[in-house]
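# Survey of secondary and tertiary structure
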Amino acid sequence: VLANSAISQDAYQAESEKIRGRFERSHDGQTAVRERSNLTDSLMGELWNQISPGAPDRICVAALGGFGRRALFPCSDVDVLFLHESALSEDAQKRVIPRISQALWDLHLRVSPTTRSLAECGKLHRDNLEFNISLLDCRYLGGNAELFEKLRSQVIPKMVAREALELQQRLIDLTSARHTKYGHTIFHLEPNIKDCPGGLRDYQVACWLSLISELEKTGAWPAPENLLPSALRAECGAALNFLSAVRCFLHYRQGRDLNNLTYELQSEAAAAGIGLPGGEPATAEVWMRTYFRHVRSIYRLTVLFDEVPPGRSGLYRLFENRKSRLSNADFSVVEGRVFLRQLSSVKGPTFCVGLF
């Protein structure tokens, strides 16, 4: 998009406004965040080609987090990794990396650059678990492709295989603390569509847990579309589309990374038909019912958290579960959740009575 021209704030802003214009006509949040990611890719590529020539280091630049997933919302941080294998030269430390970062800041991008060696990427950072998780979404942008391939095909899978249990347990602990903050309910009058139960963060946590599990078992990266249980993919995909549209609307409307649906913004989103089929306007009450239906679909993904082995022994859990004596031939009760043993049990109203 910006090739063959000097990088300028005007050029970047013009392309950004085109993306915004298309979103405001279509209300397609998934397309908007993908287009913003592609625009930022072009920008990073041009900056790299302008600034890096002559650098003696074996170094590459990669996208992390939402940028790595090609899901860069209008006011989200742009997480970038400068990866190196051996100690960086003074040229890389004082010219290449600072100039690229400064150019991005000058364009008013909220860039969060981090510089790590391959060895550092292979360790579990207990005081900065977010970095390890962000590596799960890494994507090559420029520089030494062989170095990036080593990161993705060897370093990350080995780190995950070694630390899978702790990564999963820490993710669940962080999620539980976040759910506690919001009262373990999806029903908030002015919800935060990213952090509330059933929000975008829950969707991503479920994907990360599944990804960690697959990497631990096979050492191979699964296809992103296969991360969630097949029975839940369609409804969770629809929920992701809806919430993506809403978050784009909130960012564009407020000009900041603010994700709370206030009463005023609920009314505006409903009147604009944000996320609704055909973009038809609706009352705030009808629109919020649609919101709650979608976040309920994502909140159901939290049952995946039960499949992660806990920190304490399985024998202790088995004792605790048997002690309740609530399970029977139709239902299994595990840590406060009821699971159906056989689909054939679902016959008529007596099933519901038995469940109750």
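In short, a report on the structure. All of these numbers come straight from a predicted model, not from anything done at the bench. Here the residue index of a chain counts from 1 through its sequence in written order. Where local features are concerned, this predicted model is filtered to residues with pLDDT of at least 70; where side-chain atom pairs are given and counted, the filter is 80 or more; whole-chain, interface and lining totals use all residues. By convention in this description, side-chain values take in all heavy atoms of the structure and omit both hydrogens and water.

### Thoughts on the overall build of the protein chain
Secondary structure is summarised from DSSP: a helix means a run of H or I of at least four residues, a strand means a run of E of at least two, and numbering begins at the N terminus for each. For the protein chain, the count of helices and strands is 13 helices and six strands. Using a 1.4 Å probe on the protein chains alone, a residue whose accessible area is under 20% of its type maximum counts as buried, one over 50% counts as exposed, and one in between counts as partly exposed. Within the protein chain, buried positions represent 46% of all 356 residues. Surface accessibility in these figures is a Shrake-Rupley result with a 1.4 Å probe; residues are shielded only by whichever protein chains are displayed. Carbon and sulfur atoms provide 52% of the accessible area of the protein chain, an area that totals close to 18100 Å².

### Concerning the environment of Arg-69
If you trace the backbone, Arg-69 turns up in the loop between helix H3 (65-68) and strand E2 (78-84). The class for Arg-69 is partly exposed, based on a relative accessible area of 32%. Separated by 65 residues in sequence, Arg-69 and Ser-134 have C-alpha atoms that sit 9.9 Å apart. Here Arg-69 is in contact with Asp-137, Gln-204 and Trp-208, once residues within four sequence places are set aside. Here, residues are in contact when the closest pair of their heavy atoms is within 4.5 Å.

### Regarding the sheet that holds strand E4 (residues 139-143)
Pairing between the strands of a sheet comes from backbone hydrogen bonds, and it takes one of two forms, parallel or antiparallel. If you walk across this open sheet you meet the four strands as E3-E2-E1-E4, and the pairing is mixed. Since the sheet does not close on itself, it has two edges, and those belong to strand E3 (111-117) and E4, each with one partner. Across this sheet, the average inter-strand angle for adjacent strands is 25°, counted without regard to direction. Seen against the sheet, helix H4 (residues 90-106) touches strand E1 (59-63), E2 and E3 and runs at an angle of roughly 165° to E3. Two strands make a pair as long as DSSP finds a minimum of two bridges between them. Lines fitted to C-alpha atoms define the axes, with helix axes restricted to the stretch in contact, and inter-axis angles between N-to-C directions lie between 0 and 180 degrees.

### Brief notes about the nonpolar core
Only buried residues count toward a nonpolar core. Its members are Ala, Val, Leu, Ile, Met, Phe, Trp, Tyr and Cys residues joined through side-chain atoms within 4.5 Å. Of all hydrophobic cores here, the largest spans 96 residues; its most connected members are Leu-81, Ile-100, Leu-136, Leu-151, Leu-261, Trp-287 and Tyr-291. Sorting elements by how many residues they give to this core places helix H9 (residues 230-254) first, with twelve residues. In this structure, Leu-136 is in contact with Ile-156, Val-160, Trp-208, Leu-211, Ile-212, Leu-215 and Trp-221, ignoring residues within four places of it in sequence.

### Quick notes on the packing of helix H10 (residues 263-272) against helix H11 (residues 284-299)
Viewed as axis vectors pointing N to C, H10 and H11 meet at an angle of 90°, and their least axial separation amounts to 8 Å. The orientation of H10 relative to H11 falls into the category roughly perpendicular. Residues Gln-266, Ser-267, Ala-269 and Ala-270 of H10 pack against Ala-284, Trp-287 and Met-288 of H11. When residues are sorted by character, Ala, Val, Leu, Ile, Met, Phe, Trp, Tyr, Cys and Pro go into the nonpolar class, Asp, Glu, Lys and Arg into the charged class, and all the rest, Gly among them, into the polar class. Tallied by class, residues from the contact of H10 with H11 come to five nonpolar, two polar and no charged. In this scheme, roughly parallel covers angles under 35 degrees and roughly antiparallel covers those over 145, while 65 to 115 is roughly perpendicular and the rest are oblique.

### A word on the packing of aromatic side chains
For Phe, Tyr and Trp, rings pair up if their centres lie within 6.5 Å, where Trp contributes its six-membered ring, and each pair is then called stacked (planes under 30 degrees apart), edge-to-face (over 60) or tilted (otherwise). Inspection of the entire model under this criterion finds five aromatic pairs. Judged by centre distance (5.7 Å) and plane angle (55°), the ring pair of Tyr-140 and Phe-148 falls under tilted. On the basis of relative accessibility, which here comes to 7%, the residue Phe-148 falls in the buried class. Of the aromatic side chains, those joined through ring pairs into one cluster are Phe-187, Tyr-291 and Phe-292.

### Section: the packing of H9 against H10
The N-to-C vectors of H9 and H10 enclose an angle of 115°; their axes lie 11 Å apart at closest approach. Classed by the angle they form, the pair H9 and H10 counts as roughly perpendicular. Classified by chirality, the crossing of H10 by H9 is right-handed. Note on element contacts: H10 touches H9 through Glu-264, Leu-265, Glu-268 and Ala-269, opposite Phe-249, Leu-250, Arg-253 and Gln-254. Counted by class, the contact of H9 with H10 contains four nonpolar, one polar and three charged residues. Handedness of each helix crossing follows the sense of rotation of the near helix against the far helix: counterclockwise by less than a right angle gives left-handed, clockwise gives right-handed.

### Quick notes on the environment of Val-96
Within the fold, Val-96 resides in helix H4. A relative accessible area of 2% places Val-96 in the buried class.

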